[in-house]
Amino acid sequence: MTPVLSALIAATVALGGWVAGWLTAGAAVAATAIGMSVLTGAGLPGLALLGTFFISGSLLSRRGTPGARRTIAQVAANGWAAGVGGLVIPFAPSLGWAVLAGGLAAAQADTWATELGRHSRHSPRLVTTGRTVPVGTSGGVTTLGTVAAGAGAVTLALVAWALNANTSMVWMPIAGVGGMLVDSLLGASLQVRFVCPACGAAVESRRHCATPTTPVRGLRWMTNDTVNVFGTGAGAAIAALAAAR
Ligand SMILES: [Zn+2]
């Protein structure tokens with residue numbers, strides 16, 4: 001697809017996401033850039049994969065936290081590999097498609113695991129130690145969430161297969177679940193955790209009870225979004241290695 005047509009379609013969809021309350025203005029700009037790159041490199045099958053991820057993720061997370069818009073950091077963390085893949089496709093089609101599809105499969109697996117895993121009747125367990133943790137804790141996994149991750153990645157692989165995209169039906173789900181696992185492992189180990197000085201709660205945000213929180217463990221720069229950057233990258237790397245065999 002030509003870059004101009006790609007930019008028009010991507011901007012229209014991103015504007016729709018902003019109007020619908022799914023995206024902040026900055027997130028809409030990032031989504032436009034990623035969409036333009038994916039459409040230019042991967043055409044309609046690329047648009048279908050990106051659209052499946054964007055719409056399913058937005059609908060699922062709207063049910064979880066109504067009114068919350070995706071930020072620019074969240075969009076970039078989930079979509080950066082797809083954007084890079086789109087840029088690579090004209091020069092190395094198999095590699096570019098693997099990075100695009102593997103990155104999106106990981107983002108989709110993680111989003112579905114997070115949003116659907118909330119509804120588990122069992123408490124999540126930390127992926128590293130097996131200790132029971134409160135719902136929403138980074139690195140906490142449930143059986144329901146893990147099944148949802150696989151279902152999300154398989155759904156994306158089916159869309160790719162139906163449109164005859166240059167991807168692997170076998171490796172896309174593996175890359176998706178693998179990326180989600182890296183995400184959980186980093187979330188359980190290196191992700192920064194805070195304590196609220198006002199109420200004493202262990203939290204994952206920099207502010208709580210209208211006061212700045214204190215970091216207590218993990219790496220200061222390893223936020224939830226940074227963890228997502230690595231998870232998406234792991235999915236892209238697994239698919240790229242498989243394509244290079
Ligand atoms: Zn507090």
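The model shown is predicted, which means the values in this text are computed figures rather than measured ones.

Thresholds, definitions, all that
- Residues numbered from 1 in each chain as written.
- Predicted model: local features only at pLDDT ≥ 70, side-chain atom pairs only at ≥ 80, totals over all residues.
- Helix = DSSP H or I, 4+ residues; strand = E, 2+ residues; numbered from the N terminus.
- Rg over C-alpha atoms; globule rule 2.2 N^0.38 Å.
- Buried ≥ 20, exposed ≤ 12 C-beta atoms within 10 Å, placed from the backbone.
- Contact = placed C-beta atoms within 7 Å.
- Core = buried A, V, L, I, M, F, W, Y, C linked by C-beta atoms within 7 Å.
- Expected span 1.5 Å × (residues − 1).
- Pairing = 2+ DSSP bridges.
- Axes fitted to C-alpha atoms, helices over the stretch in contact; angles between N-to-C directions.
- Left-handed = near helix turned anticlockwise from the far one by under 90°.

Participant: Could you give me a rundown of the overall build of the protein, with the residues and numbers involved?
Facilitator: When you go through the protein residue by residue, the secondary structure sums to seven helices and seven strands. The helix and strand sequence of the protein, counted from the amino end, reads α-α-α-α-β-β-α-α-β-β-β-β-β-α. In summary, the protein has a C-alpha radius of gyration of 18 Å against a globular reference of 18 Å for 245 residues, a match within 12%. Viewed in the frame of its principal axes, the protein has a C-alpha envelope of about 55 × 40 × 30 Å. A burial count over the protein gives 49% of its 245 residues as buried. Within the protein, residue pairs in contact and separated by at least 24 positions form 69% of the contacts whose partners lie at least 6 positions apart.

Participant: Before we move on, can you summarise the environment of Leu241 with the specific residues and values?
Facilitator: On the secondary structure map, Leu241 appears in helix H7 (residues 224–244). Since 13 C-beta atoms lie within 10 Å of it, Leu241 is described here as partly exposed. Along the chain, Leu241 and Phe194 lie 47 residues apart, while their C-alpha atoms are 36 Å from each other.

Participant: For the nonpolar core, give the residues involved together with the corresponding values.
Facilitator: Counting residues in hydrophobic clusters, the biggest one holds 65 residues, and the most contacted among them are Ala101, Leu104, Ala105, Leu156, Met172 and Ala239. Of all elements in the fold, only helix H1 (3–19), helix H2 (25–64), helix H3 (72–88), helix H4 (93–117), helix H5 (143–162), helix H6 (171–189) and H7 reach the threshold of two or more residues within this core. Those residues in contact with Leu104, other than ones at most four positions away along the chain, are Leu49, Leu50, Phe53, Ala82 and Leu156.

Participant: Go over H6 with me, naming the residues and quoting the values.
Facilitator: End to end, H6 covers 27 Å across 19 residues, agreeing with the expected 27 Å (1.5 Å per residue, within 8%). Within H6, 16 of the 19 residues are buried, which leaves the element mostly enclosed by the surrounding structure.

Participant: Outline the sheet that holds strand E7 (residues 214–217), supporting the account with residue identities and numerical values.
Facilitator: Spatially, E4-E3-E7 is the arrangement adopted by the three strands of the open sheet, whose pairing is antiparallel. Edge positions in the sheet fall to strand E4 (202–203) and E7, since each has one partner strand and no second. Direction of pairing for strand E3 (residues 193–195) relative to E4: antiparallel, over a ladder of two bridges. By the bridge assignment for E4, Phe194 is matched with Val203.

Participant: Before we move on, could you go through unusual backbone geometry and cite the residues and values that matter?
Facilitator: Positive phi, close to 50 degrees, is recorded for Cys209, a residue that is not glycine. Turning to its location among the elements, Cys209 is positioned in the loop between strand E5 (207–208) and strand E6 (211–212). Its identity as a non-glycine residue notwithstanding, Ala210 has a phi of 60 degrees, on the positive side. For Ala210, the position within the fold is in the loop between E5 and E6. We classify Ala210 as exposed; it has 6 C-beta atoms within 10 Å.

Participant: How would you sum up the packing of H5 against H6? Please name residues and give values.
Facilitator: Helix-helix packing: each pair is described by the crossing angle between the helix axes and the interaxial distance. Between H5 and H6, whose axes approach to 8 Å, the crossing angle comes to 145 degrees. Where H5 crosses over H6, the two elements pack in a sense that is right-handed. Between H5 and H6, the residues in contact are Ala149, Gly150, Gly152, Ala153, Val154, Leu156, Ala157 and Ala160 and Met172, Pro173, Gly176, Val177 and Met180, respectively.

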